[in-house]
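# Structure at a glance
Residues per chain are reported as follows:
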Amino acid sequence: MGFLNRFNLSRDIGIDLGTANTLVYVSSKGIVLEEPSVVAIERKTEKPRAFGKEAKLLLGRAPENIEALRPLKDGVIADFDATEAMIHEFIKRAFEGNPLVNPRMVIGIPSGVTKLERRAVIEAASNAGAREVDLIEEPLAAAIGAGLPVSEPTGNMIVDIGGGTTEVAVISSQGKVISESIRIAGDELTEAIVNQIKREHKLAIGENTAEMIKLQLGSAYAVDKNDRNMEVRGLHLLSGLPRTIEVSESEIRDCLEESVKSILEAIKRTLEQTPPDLAADIIDRGIMLAGGGAMLRGLDTLISHETGIITHIAAEPLKCVVLGTGRVLEDKTLDRVYSDRSILI
């Protein structure tokens, strides 16, 4: 009986189905998969050829018979069939190809999605082999995964900046008090860099190059006086020939300013609507940042400067949502509480 119980427990998985990356957590094992949310499809047959890291390498580099795409946009499904195939492949990898596994899934989704978008996630997961699908809103999962004391009757603010959405929420007593979801996040930062290089330097660059620039030079606040630089290669729009230019950290910071300002305004709006007692708790405890966008250089400093509230970055910002889904799977108290309160849907 003990062996069967352990086997059944290991079949439950938590998924952070993100616009940029998908992470999978298997009960009793932890995080077993972390892959880009990218699928490469053969154009003629419309059959998937590659997933994850292998498919991402083809973004902007695929031959004419292959299309590399990201099946999720702004945190929701944009290509249903590709998403279903991707989930199925990632489940297979998580269980090392075991065809008999039909797991229960807890999937993190943005808090601002519609009922139709929620249904699409459930159907895609069910068609990919899930025996049961529960959804948990990403800010709640991120708060749990970041280790915030969500069960206590005190105010906790989480800001989860993913690839497609930024989720801002105040959580207390195992529930969400107030929240806001905006579809401005990591993707918009990357797009802003592409547009900046095209506008100012007349150079066309791909998504992967723009993401590399964001990781190396991206910042929200001038943390020090040193202005870093890097060489960027792309296609010159006027000559039609490859060309190398140099961009600076200050230039990239300026082009990211509008998107960063939108995120900051969402945080301020949420704080303005927070009940006074909970706001006092947040002043004491601070604001917690999660998601890939939390690692944008100087963002925590900017938020602290603009709000007057100390801002922390989670220990593992990219993994907060999937760690939260894992805790819900393994902690029966959390599972029961969130199910009863209709947070799991």
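Before any of the text, the structure's been laid out above.
As the structure is a computational prediction, the values presented were derived from the model and not from experiment.

Quick look at the nonpolar core now. Grouped together as the largest cluster of nonpolar side chains are 42 residues, with contacts concentrated most on Met-157, Ile-193, Ile-205, Leu-256, Ile-267 and Ile-287. Here this core takes nine residues from helix α8 (residues 249–272), the largest share from any one element. Shared between two domains, this core holds at least three residues of each, these being domain 2 (151–184 + 257–317) and domain 3 (189–255). Ignoring any residue separated from it by four or fewer positions in sequence, one finds Leu-256 in contact with Leu-189, Ala-192, Ile-193, Gly-218, Ser-219 and Leu-296.

Right, let's get into helix α5 (residues 138–145). Residues separated by three or four positions in an α-helix point in the same direction, a consequence of the helix having 3.6 residues per turn. For α5, a buried count of eight out of eight residues is recorded, marking the element as mostly surrounded by other parts of the structure. Considered for burial, the residues of α5 that qualify are Glu-138, Pro-139, Leu-140, Ala-141, Ala-142, Ala-143, Ile-144 and Gly-145. Following α5 by one or two positions, Gly-147 has its phi on the positive side, about 85 degrees.

Its place among the elements puts Asp-331 in the loop between α11 (320–330) and α12 (332–340). The class of Asp-331 is partly exposed, set by a relative accessible area of 26%. For Asp-331 and Pro-48, which are 283 residues apart along the polypeptide, the C-alpha to C-alpha distance reads 36 Å.

Ordered by their spatial adjacency, three strands build an open sheet running β14-β15-β16, and the pairing between neighbours is antiparallel. Each edge of the open sheet carries a strand with a single partner, namely β14 (203–204) and β16 (242–248). Two elements, strand β15 (residues 229–236) and β16, share seven bridges in a ladder whose sense is antiparallel. Each bridged residue has a counterpart across the sheet, and for Glu-231 the counterpart in β16 is Glu-246. Relative to β16, helix α6 (residues 186–201) is tilted by about 110 degrees, and along the sheet it contacts β14, β15 and β16.

Before going further, it helps to examine the pattern of salt bridges. Summed over the entire model, instances satisfying the criterion amount to 23 salt bridges. Among the ionic pairs, Glu-89 bridges to Arg-93, the shortest N-O distance being 2.8 Å. Remark: Arg-93 and Glu-89 occur in helix α3 (residues 80–94); sequence separation between them is four residues, near one turn of the helix. On the basis of relative accessibility, which here comes to 14%, the residue Glu-89 falls in the buried class. The closest approach of N and O atoms between Glu-137 and Lys-176, which form a salt bridge, is 2.5 Å. Note that Glu-137 is positioned in strand β10 (residues 132–137) and Lys-176 in strand β13 (residues 175–182), a separation of 39 residues in sequence. Judged by its relative accessible area of 11%, Glu-137 falls in the buried class. What makes Lys-176 partly exposed here is its relative accessible area of 33%. In this structure, a network of salt bridges that share partners links the residues Glu-35, Lys-53, Glu-89, Lys-92 and Arg-93.

Turning to the sheet that holds strand β1 (residues 13–17), a few remarks are in order. Spatial ordering of the open sheet is given by β3-β2-β1-β9-β10, a layout of five strands whose pairing is mixed. Strands at the two margins of the open sheet, each flanked by one partner only, are β3 (30–36) and β10. Going across the sheet, the axis of each strand differs from the next one's by a mean of 20 degrees, ignoring polarity. Taken together, the five bridges between β1 and strand β2 (residues 21–26) define a ladder with antiparallel strand orientation. Note on β2: the bridge partner recorded for Ile-13 is Val-26. Helix-sheet contacts for α3 involve β1, β2, β3 and β9 (104–109), and the interaxial angle to β3 is about 140 degrees.

Looking now at the layout of surface pockets. Each pocket or cavity is described by its volume, and for the largest pocket that value is around 1,000 Å³. Along its surface, the largest pocket is lined by 44 residues, and Ala-20, Gly-162, Gly-163, Gly-186 and Lys-214 are the ones closest to its centre. Looking at the lining of the largest pocket, the elements that each hand over two or more residues are β1, β2, β7 (72–73), α6 and α7 (207–217). Of the residues assigned to the lining of the largest pocket, the class counts are 13 nonpolar, 15 polar and 16 charged. If you add up the space inside the second largest pocket, you get close to 200 Å³. As for the second largest pocket, its lining consists of 13 residues, of which Ala-220, Glu-257, Val-260, Lys-261 and Leu-302 are closest to the centre. Take the lining of the second largest pocket: its biggest share by element is nine residues, from α8. Residues that form the lining of the second largest pocket fall into these classes: five nonpolar, one polar and seven charged. Counting residues domain by domain, the lining of the second largest pocket receives three or more from each of domain 2 (151–184 + 257–317) and domain 3 (189–255).

Thresholds applied
- Residues numbered from 1 in each chain as written.
- Predicted model: local features only at pLDDT ≥ 70, side-chain atom pairs only at ≥ 80, totals over all residues.
- Heavy atoms only, no water.
- Core = buried A, V, L, I, M, F, W, Y, C linked by side-chain atoms within 4.5 Å.
- Buried < 20%, exposed > 50% of the residue type's maximum accessible area, 1.4 Å probe, protein only.
- Helix = DSSP H or I, 4+ residues; strand = E, 2+ residues; numbered from the N terminus.
- Domains from an automatic or database assignment.
- Contact = heavy atoms within 4.5 Å.
- Pairing = 2+ DSSP bridges.
- Axes fitted to C-alpha atoms, helices over the stretch in contact; angles between N-to-C directions.
- Salt bridge = Lys/Arg side-chain N within 4 Å of Asp/Glu carboxyl O.
- 1 Å grid on protein atoms, 1.4 Å probe; cavity = no way out; pocket = protein on both sides within 12 Å on 5 of 7 lines; lining within 4 Å.
- Points joined across faces, edges and corners; volume = space filled by probe spheres on them.
- Nonpolar A, V, L, I, M, F, W, Y, C, P; charged D, E, K, R; others polar.

These figures come from the coordinates and say nothing about function on their own.
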